[in-house]
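# Survey of secondary and tertiary structure
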Amino acid sequence: MKTITSLLLLALPLALSHQAQAVEFKPVDSAFVQQSSALGVTQDNWDHGAHAAATFPNAYRFTPHMDIPLPANGKFREWSHRSQALLQLTGYDLDGEHSLEVLLRDRLKNHSMVVLNKGVLVHQHFWNGYGAEQTHLQMSVTKSFTSLLASIAVAQGKLDMDRGIIHYLPELKGTGFEDATVQEVADMRSGIGVTFSEGKLWDDRMTEAQDWNGDSKYPDMRGVIDYAMTLDNHRPIGKVYDYLDVNTELLGKVVEKVQGQALAQLLESQIWSKIGAEQPAKWMSNRKGEVVASGGLNMTTRDLAKVGEIIANKGVNQQGERVIPAEFIDSLFQGDDKVRFAWQQGKESALATGWYKDQFRVLDIKGHKFIAMVGIHGQILVIEPESQTVVAMNSGFGDMEPPRMAILIFHQIIPAILDKLAQDKV
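Predicted model only: the values in this text are computed from it and were never measured.

### Things to note about the sheet that holds strand β14 (residues 380-384)
Pairing is mixed across the open sheet formed by 8 strands, whose spatial order is β3-β7-β6-β15-β14-β13-β12-β11. With partners counted over all chains shown, the strands left at the sheet margins are β3 (80-81) and β11 (353-357), one partner each. In the packing of helix α13 (residues 326-334) onto the sheet, contacts are made with β11, β12 (360-365) and β13 (368-374), and the angle to β11 comes to roughly 140°. Docked against the sheet, helix α15 (residues 403-424) engages β6 (110-117), β7 (120-126), β12, β13, β14 and β15 (389-395), running at close to 125° with respect to β13.

Next comes the structure, spelled out in structure tokens:
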């Protein structure tokens, strides 16, 4: 059902480039959950890597979610197409050289990939019974979208990243976040301590508060703020890059506070209505509609590539409209001494030269410097600004961020694609 505001906007002349659409809360798809449970896949275990090939394209059906519609008049031009034989390129796994097709399809359990170069579609494939119109869980790629919304609030003068987070969320006084700035939270340098649940890279108490696996089993955990208030500081603030979901969740809460709107509505009005999206997005939430800012977005791989295209184009869409602040993109790519030092203290420095800033990685590998948005089971958006190349992919790798997966993607597949496109000068 559309809100009164969106109905009024729809009555305005079509000269407006974008018209706000109502974001709608959707409950758990009970029929789908029942159907899945007959095969042993339940709300308790749908997110296990063993089920990813089937569940990730349908993840939003296991939880409540916010449905983010297409704009009323947001049709953009189609990409021109010039096919490149990228799957015939080769890279190395532990047993030797293989084609990218083997590495992606058989070794990484890739579901789809879309590659753009200077606004031209040079490759796309969809495997695993997956189509161009199918959404896919983006996992931690979502973090970067939360940060993009923060960057817009900064550009509007509503958010100061150098202020303490308690300036915006005073309820965090007395917790481990009390002395951290919003920037330190956004850079994963908050110093907060989290004990992961067995076999996972997160604390079940937080995901329970988000109804990620059904109704919460913790009556005192009804939202991420409830969870954050239980945490203490375990590291020097600002000094160590320590990748923790709760930082992103709080960044999202700050954005909602300064904007006076929910993240899902902000995504619709500030980004989704301006990228030429082809399909609605789904943002998984708890029963209250509080979205999972660190990992709950579902979108198509083509739409993910459209976001990458805007970043590659310095924040401007096909219609010449500013979507993402140019200063934010420049700041990401330049980094600073603080994030470089913090990266060196973290475990990912063993895999690549780079840094983590504002919920994005910037990596320098084999002569290519690129921005990377990364999800735990092989959800990837890479943007190389120099060549204006975008690589969007979605996968269902069975393990959670093993070094081999990162090495195959970032040291073998991505450089092979970027080298090929540079050589052919598409």
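Next comes the rest of the description.
### A word on the pattern of salt bridges
Counted by the stated rule, this structure contains 23 salt bridges. In this structure, R105 engages D106 in a salt bridge whose closest nitrogen and oxygen atoms are separated by 2.8 Å. By relative accessible area, R105 is classed as partly exposed at 33%. When its relative accessible area of 32% is taken as the criterion, D106 is described as partly exposed. Here E321 and K274 are joined by a salt bridge, their closest N and O atoms 3.7 Å apart. Pair noted here: E321 is in the loop between α12 (301-312) and α13 and K274 is in the loop between α11 (263-270) and β9 (281-284), with a separation of 47 residues, a long-range link. Judged by relative accessible area, K274 falls into the buried class, the value being 17%. Within this structure, E78, E278, R302 and K306 form a network of salt bridges that share partners.

### Considering the packing of aromatic side chains
Within this structure, the stated rule accounts for 10 aromatic pairs. One aromatic cluster in this structure is built from F32, W46, F62 and W212. Between the NZ or CZ atom of K369 and the centre of the ring of F333, over which it lies, the distance is 4.4 Å.

### Some details on the UniProt feature "domain: Beta-lactamase-related" (unreviewed entry) in the protein
Mapped onto this structure's residue numbering, the UniProt feature "domain: Beta-lactamase-related" (unreviewed entry) falls at residues 112-394. As annotated, residues 112-394 comprises 31% helix and 18% strand, and the C-alpha atoms at either end are separated by 5 Å.

### Thoughts on the environment of G296
By secondary structure assignment, the location of G296 is in the loop between β9 and β10 (297-299). Residues G296 and T63 lie 233 residues apart in sequence; the distance between their C-alpha atoms is 9.8 Å.

### Considerations on the packing of helix α4 (residues 100-107) against α15
Viewed as axis vectors pointing N to C, α4 and α15 meet at an angle of 150°, and their least axial separation amounts to 11 Å. Taken together, the axes of α4 and α15 are roughly antiparallel relative to one another. Crossing handedness for the pair α4 and α15: left-handed. Across the interface between the two elements, L100, L103, L104 and R107 of α4 pack against R404, L408, I413, A416 and I417 of α15.

Cut-offs used in this document
Residues numbered from 1 in each chain as written. Predicted model: local features only at pLDDT ≥ 70, side-chain atom pairs only at ≥ 80, totals over all residues. Heavy atoms only, no water. Pairing = 2+ DSSP bridges. Helix = DSSP H or I, 4+ residues; strand = E, 2+ residues; numbered from the N terminus. Contact = heavy atoms within 4.5 Å. Axes fitted to C-alpha atoms, helices over the stretch in contact; angles between N-to-C directions. Salt bridge = Lys/Arg side-chain N within 4 Å of Asp/Glu carboxyl O. Buried < 20%, exposed > 50% of the residue type's maximum accessible area, 1.4 Å probe, protein only. Phe/Tyr/Trp six-rings, centres within 6.5 Å; stacked < 30°, edge-to-face > 60°. Lys NZ or Arg CZ within 6 Å of the ring centre and 35° of its normal. UniProt positions renumbered as here; feature names shortened; annotations may be inferred. Parallel < 35°, antiparallel > 145°, perpendicular 65-115°, else oblique. Left-handed = near helix turned anticlockwise from the far one by under 90°.

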